[in-house]
Amino acid sequence: MARELTQEEMATADAMIARARAAMEEIKDYDQEQVDRLARALGWNCGNETTFLRIAQMGVDESGIGDRAGRAGKRFKILGVLRDALRGKSVGVIEEDTAKGLTKIAKPAGVIASLIPTTNPELTPPVTGIYAIKCKDAVIFSPHPRAKKTTFEMVRVMRETLAKLGAPRDIFQCVENPSIPMTDYLMAHCDLTMATGGKPMVQAAYSSGKPAYGVGAGNATMVIDADADIDEAAMNSRISKTSDFGSGCSADGNLVIHSAVYDAMKAALIREGGYLCTAEEKELLAKALWKEDGSRRIETVAIAAQRIAEFAGFTIPEDRKFLMVEQDEIGKEHKFSGEKLSVTMALYKAADFDDALAKVRAIYDVGGKGHSCGIYSFNEEHILRHAENAPVSRVMVRQPQSKANAGSFENGMPMTSSLGCGIWGGNITNENVSLKHYMNVTWVARPIPMDRPSDEELFGEFYNTEVM
């Protein structure tokens with residue numbers, strides 16, 4: 001049973017919220033140019049290569065999760081978020097529709113409680129901060145205990161950035177000693193919660209009594225169609241799977257491969273650095289990834305393939321980058337068909353495209369509904385059938401999933417670090433959480449000429465038929 005909030009924690013949270021509201025009051029009259037300038041400054045000071053690399057590697061060292069060499073690759077997301085933020089209006093009138101007589105006026109959402117995951121302690125604060133400052137919101141960051149120093153350091157950089165430009169530091173604050181009771185209290189007393197993290201965190205956010213944007217669990221599944229460019233598909237699968245040692249919920253978890261190209265795809269994955277486990281190694285791997293009660297072992301989350309194999313009790317060559325298991329069964333009792341949060345990938349052979357679609361549906365019944373999937377195909381009919389079939393919010397076509405679904409410079413998805421999973425995933429939105437989710441909007445409606453169709457137009461063939 002969770003402990004109760006202490007009086008000291010309550011006083012600390014109340015003081016932070018009060019400072020946040022006072023800081024918002026100081027910038028309430030900032031115009032679009034002023035907030036854009038702050039956003040640019042945040043983007044540079046948090047997203048320059050030197051600073052981001054330093055804090056990103058700090059995050060890996062502190063949490064023990066992720067790839068120290070590759071974590072800095074997430075830096076592009078800050079640049080993309082800044083791009084998207086600067087292209088949007090967020091102060092005063094943001095849209096006018098003269099035909100409908102409508103004007104939309106943006107206003108701050110308020111004080112935001114931002115829950116930071118252990119996998120992105122350096123990335124989520126500036127992503128949230130850029131969107132928030134554009135809308136003149138204040139943010140109180142509640143870090144994961146395993147990465148609290150990293151989050152605190154990034155927020156320190158953000159606070160100093162504001163101060164150098166004459167804006168109040170307390171627009172951004174960070175909890176120094178996070179706890180579940182403290183986080184619950186902040187969520188209940190701030191105006192909005194941005195919850196990026198595991199299922200318990202998101203459920204707590206939705207139970208806080210205040211509006212919240214949460215994310216659902218991932219189980220990214222890619223279909224490899226008969227006409228796929230096998231080398232491209234294998235390369236992208238490796239990129240997606242190995243990014244930060246598979247820490248993200250968007251990393252390719254399952255490949256459903258058309259039988260016509262199954263052997264070729266398997267060989268291409270091995271060329272890309274995949275290690276195909278034997279039946280015996282697969283059993284050992286399952287025990288290394290999951291406890292007897294079915295819960296995920298934290299010791300093997302987001303670590304190198306060699307370390308997972310060593311934990312499991314076998315060895316793999318030093319040049320292998322990810323692990324693969326061949327899988328037939330799908331179901332909650334078959335753990336490899338669910339989310340793996342590691343550099344482990346399950347391979348399924350589909351008899352044909354219809355069988356691939358059936359396997360995709362079955363996999364998402366295990367987990368990951370609402371999140372993401374993808375396809376390697378040049379057949380537009382198959383691409384759309386796959387999209388219609390899969391219960392997900394986003395489908396990536398011929399792209400590395402974990403580098404694409406939250407926005408990239410090579411697709412049109414809004415840049416974010418928070419992926420809404422819709423009603424499937426227990427979320428309020430299907431969208432990539434971005435600028436528009438950080439603001440209130442007032443609609444101004446003026447009279448227009450009557451826009452009322454005749455009854456005959458509205459009811460069509462049922463007009464003037466027998467009534468009940």
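Predicted model, so just to flag it, every value in this text is computed and none were measured.

1. Points about the nonpolar core
Thinking step 1. Grouped together as the largest cluster of nonpolar side chains are 66 residues, with contacts concentrated most on Ile133, Ile171, Phe172 and Leu186.
Thinking step 2. The greatest single-element share of this core, amounting to six residues, is contributed by helix 1 (residues 7–26).
Thinking step 3. In contact with leucine 186, not counting residues within four places along its chain, are Ala13, Ile17, Ala113, Ile140 and Val175.

2. Comments concerning the pattern of salt bridges
Thinking step 1. In total, this model carries 23 salt bridges according to the counting rule given.
Thinking step 2. Here glutamate 9 makes a salt bridge to arginine 3, at a shortest N to O gap of 2.7 Å.
Thinking step 3. With a relative accessible area of 45%, arginine 3 lands in the partly exposed category.
Thinking step 4. Notably, a salt bridge pairs glutamate 431 with lysine 436, separated by 2.8 Å at the nearest N-O pair.
Thinking step 5. Residue glutamate 431 is classed as partly exposed on the basis of its relative accessible area, which comes to 34%.

3. Description of the sheet that holds strand 7 (residues 212–214)
Thinking step 1. In space, the five strands of this open sheet follow the order 5-4-3-6-7, with parallel pairing throughout. Only two strands of the sheet have a single neighbouring strand rather than two, namely strand 5 (172–174) and strand 7. With direction set aside, neighbouring strand axes in the sheet form an average angle of 15°.
Thinking step 2. Both strand 3 (residues 111–115) and strand 6 (residues 192–195) contribute to a ladder of four bridges, which runs parallel. Residue serine 114 lies in a different strand from strand 6, and its bridge partner there is methionine 194.
Thinking step 3. Helix 6 (residues 148–164) contacts strand 4 (138–142) and strand 5 of the sheet and is inclined by roughly 155° relative to strand 5.

4. Structural notes on unusual backbone geometry
For residues that are not glycine, phi is negative in most cases, and the peptide bond is trans in most cases.
Thinking step 1. Within the chain, leucine 341 stands out as a residue other than glycine whose phi angle is a positive 50°.
Thinking step 2. Here leucine 341 is to be found in the loop between strand 11 (322–326) and strand 12 (344–350).
Thinking step 3. Non-glycine residue asparagine 464 carries a positive phi angle of around 60°.
Thinking step 4. Structurally, asparagine 464 is set in the segment after helix 16 (455–459).

5. What to know about the domain arrangement of the protein
Thinking step 1. Once the domains are mapped, the protein shows domain 1 (7–215 + 429–444) and domain 2 (221–405).
Thinking step 2. Here domain 1 and domain 2 have C-alpha centroids that lie 32 Å from each other.
Thinking step 3. The interface of domain 1 with domain 2 comprises 13 residues on the first partner and eleven residues on the second.
Thinking step 4. Summing both sides of the interface, domain 1 and domain 2 together bury roughly 960 Å²; the carbon and sulfur share of this comes to 43%.
Thinking step 5. It is Ile65, Asp67 and Asn430 that lose the most area in domain 1 upon contact with domain 2, and together they represent 36% of the buried surface on that side.
Thinking step 6. Where domain 1 packs against domain 2, one counts two salt bridges.
Thinking step 7. When the shortest N-O distance is used, the salt bridge between aspartate 244 and arginine 71 registers 2.8 Å.
Thinking step 8. Our count for the domain 1 to domain 2 interface comes out at eight residue pairs in polar contact (both at pLDDT 80 or more).

6. Points about the environment of glutamine 399
Thinking step 1. Mapped onto the secondary structure, glutamine 399 falls in the loop between strand 14 (392–397) and helix 15 (401–404).
Thinking step 2. Between the alpha carbons of glutamine 399 and glutamate 339 there is a distance of 20 Å; along the sequence they are 60 residues apart.
Thinking step 3. One polar contact links glutamine 399 to asparagine 411, side chain to side chain, over a distance of 2.9 Å.

7. Some thoughts on helix 5 (residues 124–134)
Thinking step 1. Across the eleven residues that make up helix 5, a large majority, eleven, are buried.
Thinking step 2. Each element contacted by the buried residues of helix 5 is listed here: helix 2 (32–47), helix 4 (76–86), strand 3, strand 4, helix 6 and strand 5.

8. A word on the packing of helix 11 (residues 279–289) against helix 12 (residues 305–312)
Thinking step 1. Put simply, helix 11 and helix 12 touch, their axes get as near as 8 Å, and they point 100° apart. Judged by the inter-axis angle, helix 11 sits roughly perpendicular to helix 12. Here Leu284, Leu285, Ala288 and Leu289 of helix 11 lie close against helix 12, whose contacting residues are Ile308, Phe311 and Ala312.
Thinking step 2. Split into classes, the residues belonging to the contact of helix 11 with helix 12 amount to seven nonpolar, no polar and no charged.

9. Side note on the packing of aromatic side chains
Thinking step 1. Across all of its chains, the model carries five aromatic pairs by this definition.
Thinking step 2. Aromatic pair phenylalanine 141 and phenylalanine 172: ring centres 6.2 Å apart, planes at 45°, arrangement tilted. Here the residue phenylalanine 141 occupies a position in strand 4, and phenylalanine 172 occupies one in strand 5, the gap between them amounting to 31 residues. No difference in accessibility class separates phenylalanine 141 from phenylalanine 172, as the two residues are buried.

10. A word on helix 4
Thinking step 1. Those residues of helix 4 that fall on the buried side of the exposure criterion are Lys77, Ile78, Gly80, Val81, Leu82, Asp84 and Ala85.
Thinking step 2. On its buried side, helix 4 packs onto helix 2, helix 3 (49–63) and helix 5.

11. Looking at the environment of isoleucine 130
Thinking step 1. Relative to the helices and strands, isoleucine 130 is located in helix 5.
Thinking step 2. Owing to a relative accessible area of 0%, isoleucine 130 belongs among the buried residues under this scheme.
Thinking step 3. For isoleucine 130 and valine 81, which are 49 residues apart along the polypeptide, the C-alpha to C-alpha distance reads 7.4 Å.
Thinking step 4. Residues in contact with isoleucine 130, not counting those within four places in the same chain, are Ala39, Leu42, Gly43, Ile78, Val81, Leu82 and Ala85.

12. As for the sheet that holds strand 11
Thinking step 1. Across the sheet, which stays open at both edges, the seven strands sit in the order 10-11-12-9-8-13-14 with parallel pairing between neighbours. Every interior strand has two partners, whereas the edge strands, strand 10 (274–276) and strand 14, have only one. With strand direction ignored, the average angle separating the axes of adjacent strands in the sheet is 25°.
Thinking step 2. Across five bridges, the pairing between strand 13 (residues 370–376) and strand 14 is parallel. Directly across from cysteine 373, in strand 14, lies its bridge partner valine 395.
Thinking step 3. Across the sheet, helix 13 (residues 353–366) touches strand 8 (221–224), strand 9 (254–258), strand 12, strand 13 and strand 14, and the angle it forms with strand 12 is around 140°.

The rules behind these values
Residues numbered from 1 in each chain as written. Predicted model: local features only at pLDDT ≥ 70, side-chain atom pairs only at ≥ 80, totals over all residues. Heavy atoms only, no water. Core = buried A, V, L, I, M, F, W, Y, C linked by side-chain atoms within 4.5 Å. Buried < 20%, exposed > 50% of the residue type's maximum accessible area, 1.4 Å probe, protein only. Helix = DSSP H or I, 4+ residues; strand = E, 2+ residues; numbered from the N terminus. Contact = heavy atoms within 4.5 Å. Salt bridge = Lys/Arg side-chain N within 4 Å of Asp/Glu carboxyl O. Pairing = 2+ DSSP bridges. Axes fitted to C-alpha atoms, helices over the stretch in contact; angles between N-to-C directions. Domains from an automatic or database assignment. Buried area = accessible area lost by both parts, 1.4 Å probe. Polar contact = N/O pair within 3.5 Å; in protein donor to acceptor, adjacent residues only side chain to side chain. Parallel < 35°, antiparallel > 145°, perpendicular 65-115°, else oblique. Nonpolar A, V, L, I, M, F, W, Y, C, P; charged D, E, K, R; others polar. Phe/Tyr/Trp six-rings, centres within 6.5 Å; stacked < 30°, edge-to-face > 60°.

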